[in-house]
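A closer look at the structure
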Amino acid sequence: MRKTLVLFAAALLLGGVAFAEEATLIDFTLLDADCVSNDNGDPTQNKRTVMDYSVSAGATYTEQQKDLMRTSLVLNEWEVVLNSSAKSVMALADSQVVPAPVKSSADVPFAGSNVMGVRIVFPSWNSNASAKIVPPFTIPAYEPLSDADENGNRVESSEDDKSSYNTTNNPSFEGYLFEGGYGVVKNVGTIKSIQVTTMGMNFPHGLYVHLIDNDGLERRYFMGYLGFDGWRELRWNNPQYISEVRTREIRVYPIYPRGIPHVIFAGFEITRDAAHIGGDFIGYFKDVKIIYDKAILISDRDIADEDLWGIIGKKETERQAAEMERFGNKQVNRYLEAAKKATEDDFTTSLNPDGSSNAQSTSGNSASTVDAK
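Residues numbered from 1 in each chain as written. Predicted model: local features only at pLDDT ≥ 70, side-chain atom pairs only at ≥ 80, totals over all residues. Heavy atoms only, no water.

**Things to note about the nonpolar core**
Formed by 66 residues in total, the largest nonpolar core has its most connected members in W78 and F268. Per-element accounting of this core gives the leading share, six residues, to strand β18 (residues 262-272). Residue contacts for F268: discarding those within four places in its chain leaves F28, M116, A131, K132, I133, V196, L207, Y208, V209, H210, F285 and V288. Counting residues in hydrophobic clusters, the runner-up holds five residues, among them A100, V102, F110 and V115. (Core = buried A, V, L, I, M, F, W, Y, C linked by side-chain atoms within 4.5 Å. Buried < 20%, exposed > 50% of the residue type's maximum accessible area, 1.4 Å probe, protein only. Helix = DSSP H or I, 4+ residues; strand = E, 2+ residues; numbered from the N terminus. Contact = heavy atoms within 4.5 Å.)

Here it is in structure tokens:
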């Protein structure tokens, strides 16, 4: 690792030059199922984001069971988490996330692709309520870039594959799995703006974006209200962003081994006011983008610090293991719960298979009784 971190303090010398960059934090059109086929031959997981959580399942499971213990950011795996005011049996059963196909005739650049479709069942009575739309696991910030085969097994990527991910939409791409529109943007200093591409359905509800920084702090950003019809780009502008570098407070951090500042997409939040209409909410989301200042510059150094000390690599390995264990245990519990779930829809009859004879016999007895009277 011959590139290490250099503080971006040189901006002070360059006056009011703008250094903000744009990057796609997450693009839901990239999350189609394309691997790990079910019994019908239909793919169930997303190859780029598939993760194997059988590593935390223990030795009590068969290899066949462990093969089922994979998950990804495929849209069907996302969850709707209702707050206590919104929870009910019907709401928990019907609130869900699905891939929503955009018609090929639609007048949008992503026509023919799948976007995120969300259904949330809010209380029909007057009650403040909210719901979070979250990924199936906390998106890992330090997962190394790798490919996956058709069964969801991760394989090391070649240098050509790695270079192909460095697109104009992700100028700060550093070679981690969930960069490039899959939930992580590296080298993020001050966020200037956040933008969400969404389709409104005239619901008066509010929309928030939740982000997690490299210190593990989760913040939410109010994007606006969804009371409009059709596609729109909702934008949050940082009211405390200072464009003039001379008036900024310059903070100097150690060059090594602080790590790479980043942001992780933690989900959406939909809020419903008690005075507004309740019941079903339907929404569609295409992507989330950010405009941000670089936190640090990356350049060659006379000494390869990371090769010598390995401090950043050790921290990233430990954090990666913690992230894997956290979502792995959750997914294993879900697997166990699914295995215990009742599969029968009907009771086994205690009558003869041909129930019509019993009905006729009963009818005849009733008729005889009437005649006797």
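**Structural notes on the pattern of salt bridges**
Enumeration over the complete set of coordinates arrives at 10 salt bridges. As a salt-bridge pair, K132 and E218 come within 3.0 Å of each other at their nearest N and O atoms. With K132 in strand β10 (residues 129-134) and E218 in strand β16 (residues 218-225), this residue pair connects regions lying 86 residues apart in the sequence. On the basis of relative accessible area, E218 is assigned to the partly exposed category, the value being 40%. Across the pair D213 and R219 runs a salt bridge whose closest N-O atoms are separated by 2.6 Å. Here R219 falls in the partly exposed class, since its relative accessible area comes to 40%. A cluster of three or more residues bridged by salt bridges with shared partners is formed by D27, K286 and D287. (Salt bridge = Lys/Arg side-chain N within 4 Å of Asp/Glu carboxyl O.)

**Considerations on the pairing of β16**
Looking along a regular strand, one sees side chains alternate from face to face of the sheet. Two strands pair when backbone bridges link them, and strand β15 (residues 206-213) and β16 are joined in this way by seven bridges, in the antiparallel orientation. Within β16, the residue paired with V209 across the bridge is Y221. (Pairing = 2+ DSSP bridges.)

**Concerning the packing of aromatic side chains**
Following the criterion strictly, the structure yields 12 aromatic pairs and no others. Centre to centre, the rings of Y208 and F222 are 5.1 Å apart; their planes meet at 55°, and the pair counts as tilted. Of this pair, Y208 sits in strand β15 while F222 sits in strand β16; the two residues are 14 residues apart in sequence, bridging distant segments of the chain. On the accessibility criterion, Y208 (16% relative accessible area) is buried. Judged by its relative accessible area of 32%, F222 falls in the partly exposed class. The ring of Y176 has K186 sitting right over it, with the charged end atom 4.3 Å from the ring centre. The ring of F228 has R232 sitting right over it, with the charged end atom 4.3 Å from the ring centre. (Phe/Tyr/Trp six-rings, centres within 6.5 Å; stacked < 30°, edge-to-face > 60°. Lys NZ or Arg CZ within 6 Å of the ring centre and 35° of its normal.)

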